[in-house]
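Working through the structure, step by step
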Amino acid sequence: MASSAASTANSAVSAIKSLGSAATSEHIKNDLSVITSGSIATSSMTSDYPSDTTLNNLSGATQTDSSSASNQAQLASNATASALNASTAYSSAVVAGDSSAASSAATDFNNANSDLASASSAISSLKNTVVDNTAAATTQHVADDVATASTATTNAATAATPTSSVVAPAAGIAGSVASMAHEYSDDAQLSKLASQAASLATAASDFATAASAAATNAATQYASAKTAIDPENSDLASSAMTEAKKAANAATVASSNATSAMAALAKVYADAALVHTSDDASNASSAASTATDSAAPTSDQVSNTSSTAANVDSMASQYPDNSAMSNVASTASSLALVASSAASAANSAASLASSAAATAKDASTASDSSTTSSANSVAKDASTAASTAASIASSAVTALDNLASSAASSNVGNNNSAASSNASSAGSTASSAGTDFSNGESTASSIASLASDYPSDTSLSDAASTASSLANTASSAASVASSAASTASSAASVASSAATAGDSSAASSAASVASSANSTASSAASTVSNASSALSSLGSVAASDHLTDDLSNIASASSAVSSMASGYPSDASLTSDNSLASSLASVANDASSAASAAQSATSSASSAYSSATAAGDTSAASSASSAYSSATSAFSDASSAVNSVKSAIDSVASAATTTHTQDDASAAASSASVASSAASTASSVHSSAASQGSTASSLASNHPNDSSLQSAASTASSAASVASSAAAVASSAASVASSAASVASSAASAGNSSAASLASSLASSAASVAIDAGSVASSAIAVTSSATSIASSLDAVDSASDAAVAASQSAANQSANNGSVTSDTSNGSVISSSATSSVTSSISNDSVDSSANGSSASTNGSTARNSANDTVNADTTHDASADTTQTGIQANDTNANDSDKKLPQTSDDNDKTGAAIGLSLASLLTLLGLAGRKKRKQDDE
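Residues numbered from 1 in each chain as written. Predicted model: local features only at pLDDT ≥ 70, side-chain atom pairs only at ≥ 80, totals over all residues. Heavy atoms only, no water.

The name recorded for the protein chain in an unreviewed UniProt entry is Gram-positive cocci surface proteins LPxTG domain-containing protein, from Secundilactobacillus odoratitofui DSM 19909 = JCM 15043.

**Considerations on the overall build of the protein chain**
Selection rule: Going along the chain from the N terminus, every DSSP run of H or I of four or more residues is numbered as a helix, and every run of E of two or more is numbered as a strand. The buried label goes to any residue with under 20% of its type's maximum accessible area, the exposed label to any with over 50%, and the partly exposed label to all in between, with areas taken from a 1.4 Å probe on protein chains only. By definition, residues are in contact when any of their heavy atoms lie within 4.5 Å. Residue burial considers only the protein chains on display, and all accessible areas are found by Shrake-Rupley using a 1.4 Å probe.
Along its length, the protein chain carries 19 helices and two strands. In the protein chain, buried positions account for 37% of the 941 residues. Here the analysis covers contacts within the protein chain between residues at least 6 apart in sequence; of these, 82% occur between residues at least 24 apart. For the protein chain, the exposed area adds up to about 45,100 Å²; of that, 51% sits on carbon and sulfur atoms.

**Structural notes on the packing of helix α14 (residues 618–702) against helix α15 (residues 707–750)**
We apply this condition: Axes here refer to lines fitted to C-alpha atoms; in helices the fit is confined to the stretch in contact. Angles between the N-to-C directions go from 0 to 180 degrees. Here roughly perpendicular refers to angles of 65 to 115 degrees, roughly parallel to angles under 35, roughly antiparallel to angles over 145, and oblique to all remaining angles. Should the near helix be turned anticlockwise from the far one by less than a right angle, the crossing is left-handed, and should it be turned clockwise, the crossing is right-handed. Under the scheme applied, nonpolar residues are Ala, Val, Leu, Ile, Met, Phe, Trp, Tyr, Cys and Pro; charged residues are Asp, Glu, Lys and Arg; polar residues are all the others, including Gly.
Viewed as axis vectors pointing N to C, α14 and α15 meet at an angle of 160 degrees, and their least axial separation amounts to 7 Å. Looking at the two axes, α14 sits roughly antiparallel to α15. For the element pair α14 and α15, the recorded crossing hand is left-handed. Taken together, the residues that form the contact of α14 with α15 break down as 29 nonpolar, 12 polar and one charged.

**A look at the pattern of salt bridges**
Keep this limit in mind: We define a salt bridge as a contact between a side-chain nitrogen of Lys or Arg and a carboxyl oxygen of Asp or Glu at a distance within 4 Å.
Under the definition given, this model contains three salt bridges. Measuring nitrogen to oxygen at the nearest pair gives 3.7 Å for the salt bridge that ties Asp31 to Lys127. Of the two residues, Asp31 is situated in helix α1 (residues 2–48) and Lys127 in helix α3 (residues 99–167); the sequence distance between them amounts to 96 residues. Classification of Lys127 as buried rests on a relative accessible area of 19%. For Asp271, the salt bridge goes to Lys267, with nearest N and O atoms at 3.1 Å. Note that Asp271 and Lys267 are positioned in helix α6 (residues 234–302) at a spacing of four residues, about one turn of the helix. Owing to a relative accessible area of 53%, Lys267 belongs among the exposed residues under this scheme.

**Some points on the layout of surface pockets**
Let me state the cut-off plainly: Two kinds of site are reported from a 1 Å grid over the protein atoms alone, namely cavities, where a 1.4 Å probe fits but cannot get out, and pockets, open sets with protein on both sides within 12 Å along at least five of seven lines, and residues are called lining when an atom falls within 4 Å of a point. Grid points are joined across faces, edges and corners, and a volume is the space filled by probe spheres set on the points.
Within this model, the second largest pocket holds a volume of roughly 540 Å³. Surrounding the second largest pocket, 20 residues form its lining, Gly539, Ser540, Ala543, Thr632 and Phe635 being those nearest its centre. Mapped onto the lining of the second largest pocket, the elements with two or more residues apiece are α10 (412–453), α12 (504–567), α13 (572–615) and α14. Class assignment of the residues belonging to the lining of the second largest pocket gives a composition of six nonpolar, 13 polar and one charged.

**Digging into α14**
The line we're drawing: In a helix, the anticipated span is given by 1.5 Å times the number of residues less one. Between N or O atoms, a polar contact is any pair within 3.5 Å; within protein, one atom must be a potential hydrogen donor and the other a potential acceptor, and residues adjacent in sequence are included only when both atoms are from side chains.
Here α14 is 85 residues long and its end C-alpha atoms lie 121 Å apart, about the 126 Å a rise of 1.5 Å per residue gives. Capping of α14 at its N-terminal end is provided by Asp617; its side-chain oxygen lies 3.3 Å from the backbone amide nitrogen of Ser619.

**A closer look at helix α4 (residues 170–183)**
Working note: α-helix, 3.6 residues per turn, so residues spaced by three or four point in the same direction. Keep this limit in mind: Note: the arc covers the axis-to-C-beta directions of the helix.
The terminal C-alpha atoms of α4 lie 20 Å apart, and with 14 residues this matches the ideal 20 Å at 1.5 Å per residue to within 8%. Three or more residues of α4 are buried, namely Ala170, Ala174, Val177, Met180 and Ala181. Each buried residue of α4 lies within a common arc of 115 degrees when the element is viewed along its axis, so the set occupies one face. Residues of α4 that are exposed and point more than 90 degrees away from the buried face comprise Ala171 and His182.

**Observations concerning the packing of α13 against α14**
For the pair α13 and α14, the least separation of the axes is 7 Å and the interaxial angle reads 160 degrees. Viewed along their axes, α13 and α14 adopt a mutual orientation that is roughly antiparallel. Both α13 and α14 take part in a crossing whose hand is left-handed. Looking at the contact of α13 with α14, its residues break down into 33 nonpolar, 10 polar and two charged.

**Considering the nonpolar core**
Convention followed: As used here, the term nonpolar core means buried Ala, Val, Leu, Ile, Met, Phe, Trp, Tyr and Cys residues forming a set that is joined through side-chain atoms within 4.5 Å.
In this structure, Ile447 and Ile554 are the most contacted members of the largest nonpolar core, which totals 37 residues. The dominant element in this core, judged by the number of residues it contributes, is α12, at 10 residues. Setting aside chain neighbours within four positions, we find Ile554 in contact with Ala585, Ala588, Val642, Val645, Lys646 and Ile649. Core analysis: the next-biggest nonpolar cluster, separate from the first, contains 32 residues, Ala675, Ala682, Ala727 and Ala766 among them.

**Considerations on the confidence of the model for the protein chain**
Quick reminder of the rule: Within a predicted model, pLDDT stands for the predictor's per-residue confidence, ranging from 0 to 100.
Put simply, the protein chain has an average pLDDT of 76, and 79% of its residues get 70 or more. By mean pLDDT, the top-scoring element of the protein chain is helix α2 (residues 53–96) (88), and the lowest-scoring one is strand β1 (residues 842–843) (29). This model gives residues 820–921 a pLDDT under 50, and the stretch forms 129 contacts once residues within four places in sequence are excluded.

**Topic: the environment of Ala157**
Counting through the fold element by element, Ala157 comes out in helix α3. Each C-alpha atom, one on Ala157 and one on Ala218, is 8.4 Å from the other, the two residues being 61 residues apart in sequence.

**Concerning the environment of Gly172**
Following the sequence through the fold, Gly172 ends up in helix α4. For Gly172, a relative accessible area of 44% gives the class partly exposed. For Gly172 and Ala201, which are 29 residues apart along the polypeptide, the C-alpha to C-alpha distance reads 8.9 Å.

**Points about the environment of Thr308**
Residue position: Thr308 is located in helix α7 (residues 305–318). Taking the C-alpha atoms as reference points, Thr308 and Ala336, separated by 28 residues in sequence, lie 8.3 Å from one another.

Right, dumping it as structure tokens:
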């Protein structure tokens, strides 16, 4: 029973383990599926962007992980089979009661499960890595998609942007072809080309629009792609990228199609131009033929006019007292002449048309459309002229015939009145044009005058040039109006004659000529009026510019006077000029404000007048006109006031310049005087310094071994040399200042303010140099005096020291010979009498060895001098005169304590003397350095 239960339990355990192995295997399959999917996905993404190193690396890693997973799967499969076999063996052993076999099978089963778990863990780890790499690849792929969409967007924009400019002329080109077709509407080929041009222009525009739309779409898709940065939205980024690429391709295709359409349109235009050129040539030929046809019969018609006029004249001569007939005869003669002249003009025009037609033909053969078109225009104009001349000749002939056949006509009076009215109107119009021209010419002259005031003002120069051109235009138009009035008057005269002769046809023609002449006069007068109006506006602008220039000059002059006054504040004349200039500038500013207000009022009045005129409000127009006149007058008054101020301030500035120039000359002379005085002082100082330096050198030669004395002498000599250099500099500066003063004086006499100012500045600088050099020389003489005084004191000390040493040596020798010390009060020696007390002499801290030759005392004296020299510079505030007093030897003081006495050269005062010498020399060198730097700075400036 127990065995059966154990068997059942073992079987259950075995089944559970087998079930666990199966679950593990199933989990492995799922992991492998994930790994395989990741491997395929990364491989696919890499194939989309084969040049992306990151994707390649991720794909390679995934492939490697997939391969490793496959190996682990094989191990798992083997472990699963082993577990199954072990489970079977275990069950069999348990059933057979073979515990040893069961134990062995259980061990195998456990090992197999362990291997399976290990493989499963490895595969699971690989799966996680693949999942991470796939996510990273997806992120990179999305970035690549966005970059590709960006490139596509750029390409689309690149394709679309120039396309708009390429197709921009399409409508104009199509319009040109349509214009050519319209000019020759019966030319079917041109009509067809015009239709093609219109279609191509529309197509090019549509393609350009499509390219632009595609570029916009690409940009939209790119914007969408940029938002899909999350790997979960990778499909959105990929889709947006694909659409962006499609849009870029569409933009490129549309751009190419637009370019092709424009090329085709250009060819259509070229073909149309050739056809149009041919039509021009054909039309020119037709015009020439028409001109010839018009001129040929005119000659025949005119051939009898002379005889007709002669017949009329003959009839008039039969009745010489009949003024009407005389007038008719005169008119007939005039008409004959007119007919003859018109016939001649018709023949000339026909010849010109023929020549132009030949030119057009040659140009057409050479495909020169411009020349062909020009020749065609000439031929057409010539044909029209020939037709007009023929018409005039015909009219003259008809008038002559009618004059000869009829003396009156019902409409003669009306024609005569009309011609008279037109002539009167033309005369009035010509007179008005003359008045406008006169006003415009006056304005142009005014503008030219304003421009001449400021030749460097290009605005005024341009205004003057434009005004001159407008005046010429007005002059030409006024001449045309005058000529037209004369023609109208002549026509009225002809009409009157025709009426008198009863020739209604001639009167009608004359009235027509008078009407045409009146229209011509009116048109010319309008041109004159427009030119005059433009000149008026231009005059206002020029006046404003001139006012601005005046104000600028006033401000400059005021500033210049102020600057000059500040240069010489004590000059009452300059101060007065500055005050006056300032007042004038203030007046100019007030006038400028008034001018600005007037300009604003003028502009407002002009706008109001235009509005009132457009509205037909005559009352408002009249008010605006009055306001305009008032504002214009106010501006003119303000401009005149500013101009007057400019003239006044120019005079003030000129006077101030003269005064300032004289002040400069005076200042230069003063500077030269100061420089001369400084040079004289420096020269005197130099002489004294040289003398004192020589004295110090002489004293030094007395004691060549005294380094302090030698140093003092050297300092005195150096300071004297400095004084010499400073005196030379001062002399040179004084010379420069004198020359500058001379130049300033000459410049002032010549009125050259700039030269005077420069010379004055130079003289001032030279005077400063001379003063500085004088200061250096003074400092040098102070150093020289101090050093010479010190040298004198040291010489006295050395002389006294030498005497004291000699006395000490003598006393020592005497002591050695006599065995006693004596005091000689006459020469200051210290003695000790055996009768009073025995003393030991100690001089300068060193005991004197009373040897027979006294060499020790001499040595001690020398040592004392060196010790004094080593302590130089101990006190820099000591007075040299005090040194002299304190270093003196109390030769007559016989009561002094011998042990407290020092040799003169070992006194502390000696230290102060050396310090004074050093300080003086340092001060001198500093002064020289400062002077040199200042001179270099002035030279640089």
